[in-house]
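Architecture at a glance
In case you want the letters, here they are:
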Amino acid sequence: MTEKTKRLDKFLTEMTDLTRTQAKEAARKGRITVNGTVVRKTDGKISPETDTVTLDGREIRYTRFEYYMLNKPQGVVSATEDGRYPTAVELITGRQRKDLFPAGRLDLDTEGLLLITNDGDLAHRLLSPKKHVDKVYYLHFQGMLPSDAEQTFQDGIILEDGTKTRPADLTILSSDKNGGKARLTIREGKYHQVKRMLEACGCRVTYLKRLSMGSLSLDEQLKPGEYRPLTELEIKQLKGES
Ligand code: URA
């Protein structure tokens, strides 16, 4: 779908670091052109996908939606702004738009797949509790899981606040009396859900990494802190169009 028209000030605030007031001021000073003509007011409409807009002689390319896969490292918050920690959005240094946000959240000490986008509809579809999108995690735990843990996770775990989780697929990859490694697929997004599920079984998660979300799998080439744009196919598959 193409976007027909947009106010020039909105275009400028979305695609540059200018605030609306700064954009207005830049236009007043003759720093902005639309299709080669200096435009001194920013309240008019442009066609973002076909008009050529420049600021100080430099073309501002329009991108409506951006989609990035980030391998979130530990110590980074799933947020757009934070006073204490670096944010996931700040790691997307090649972004064009200012309105990117993480679609979902991972804890400060969790690594792995985080989708960063400005496509609110897609984020809603992936995160809506009604959609039950699969989220797959790899984890290390301390403690001993009961021998019937895989079945217990399938039946639903009663968390410490009395709520019951939906069926989850636990595969224990290795374990001994001190702990082990496992893969867990959940279909909801309760706060600290994986850690709380393991705690309810007397164990403690010591390492957690998200491997996939719906059709989107973490690219194994990406080291923690690295990111890449999604491919057209990945975007289509996420939207359920392929
Ligand atoms: N579950 C957790 O406990 N933490 C996360 O970061 C994600 C899922």
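Criteria and thresholds
The numbering scheme is per chain: residues are counted from 1 as the chain's sequence reads. Note on the predicted model: pLDDT of at least 70 is required for a residue's local features to be given, and 80 or more for side-chain atom pairs to be given and counted; whole-chain, interface and lining totals, by contrast, use all residues. Heavy atoms throughout the structure, all of them, feed into the side-chain values; hydrogens and water do not. Under the DSSP-based scheme used, a helix requires at least four consecutive residues in state H or I and a strand at least two consecutive residues in state E, with every element numbered from the N terminus. Summary of the burial criterion: residues with accessible area below 20% of their type's maximum are buried, those above 50% are exposed, and those between are partly exposed, where the area comes from a 1.4 Å probe applied to protein chains only. Here a cavity is any set of points on a 1 Å grid over the protein atoms alone where a 1.4 Å probe fits but cannot get out, and a pocket is any open set with protein on both sides within 12 Å along at least 5 of 7 lines; a residue lines the site when it has an atom within 4 Å of a point. Grid points are joined across faces, edges and corners, and a volume is the space filled by probe spheres set on the points. Either an automatic procedure or a domain database provided the assignment from which the domain bounds are taken. In this description, contact between two residues means that some pair of their heavy atoms is separated by no more than 4.5 Å. Note on definitions: salt bridges are taken to be side-chain nitrogens of Lys or Arg within 4 Å of carboxyl oxygens of Asp or Glu. Definition of a polar contact: a pair of N or O atoms within 3.5 Å, with one able to donate and the other able to accept a hydrogen when the atoms are protein atoms, and with sequence-neighbouring residues admitted only if both atoms are side-chain atoms. Here, the term nonpolar core denotes a set of buried Ala, Val, Leu, Ile, Met, Phe, Trp, Tyr and Cys residues that are joined through side-chain atoms within 4.5 Å.

Trans peptide bonds make up the majority, and among non-glycine residues the majority have a negative phi. The phi dihedral of N35 is positive, around 50°, even though this residue is not glycine. With respect to the helices and strands, the residue N35 is situated in the loop between β2 (32-34) and β3 (37-38). Since its relative accessible area comes to 46%, N35 is described here as partly exposed. In this structure, D56 takes a positive phi of about 50° despite not being glycine. By secondary structure assignment, the location of D56 is in the loop between β5 (53-55) and β6 (58-59).

Turning our attention to the layout of surface pockets. The space that makes up the largest pocket amounts to roughly 440 Å³. Every residue lining the largest pocket is counted, 25 residues in all, and those nearest its centre are R105, Y137, E188, G189 and K190. At the level of elements, α3 (120-127), β10 (135-142), α5 (193-199) and β13 (204-213) are the ones that each hand at least two residues to the lining of the largest pocket. Composition of the lining of the largest pocket by domain shows at least three residues from each of domain 2 (67-129 + 219-238) and domain 3 (135-213).

Here we come to helix α1 (residues 8-15). The element α1 is extensively covered by neighbouring structure, given that seven of its eight residues are classed as buried. All of the buried residues in α1 are L8, D9, F11, L12, T13, E14 and M15. Looking at the buried positions of α1, the neighbouring elements they touch are β1 (6-7), α2 (20-28), β2, β4 (45-46) and β5.

So, about the domain arrangement of the protein chain. Domain assignment breaks the protein chain into domain 1 (6-59), domain 2 (67-129 + 219-238) and domain 3 (135-213). Computed from C-alpha atoms alone, the centre-to-centre distance between domain 2 and domain 3 is 23 Å. If you look at the interface, domain 2 gives 14 residues, while domain 3 gives 11 residues. For the interface between domain 2 and domain 3, the tally reads two salt bridges. At the junction of domain 2 and domain 3, the tally comes to seven residue pairs in polar contact (both at pLDDT 80 or more). Within the residue set of the side of domain 2 that touches domain 3, elements represented by two or more residues are β9 (111-117) and α3.

Attention now moves to the environment of T165. Assignment of secondary structure puts T165 in the loop between α4 (149-155) and β11 (169-176). Overall, the relative accessible area of 4% leaves T165 in the buried class. Spatially, the C-alpha atoms of T165 and R210 are 18 Å apart, while their sequence positions differ by 45 residues. A distance of 2.9 Å separates a polar side-chain atom of T165 from the backbone nitrogen of I157.

What follows concerns the nonpolar core. Ranked by size, the top nonpolar core spans 30 residues in total, and within it I116, L139, L184, V194 and L198 carry the most contacts. Elements with a minimum of two residues in this core: β7 (67-72), β9, β10, α4, β12 (179-186), α5 and β13. In this structure, this core is formed jointly by two domains, domain 2 (67-129 + 219-238) and domain 3 (135-213), each of which donates at least three residues. Those residues in contact with I116 that sit more than four places away from it in its chain are E66, Y67, Y68, L70, A88, V89, I92, L100, F101 and P102. Counting residues in hydrophobic clusters, the runner-up holds 16 residues, among them A103, L113, L122 and L216.

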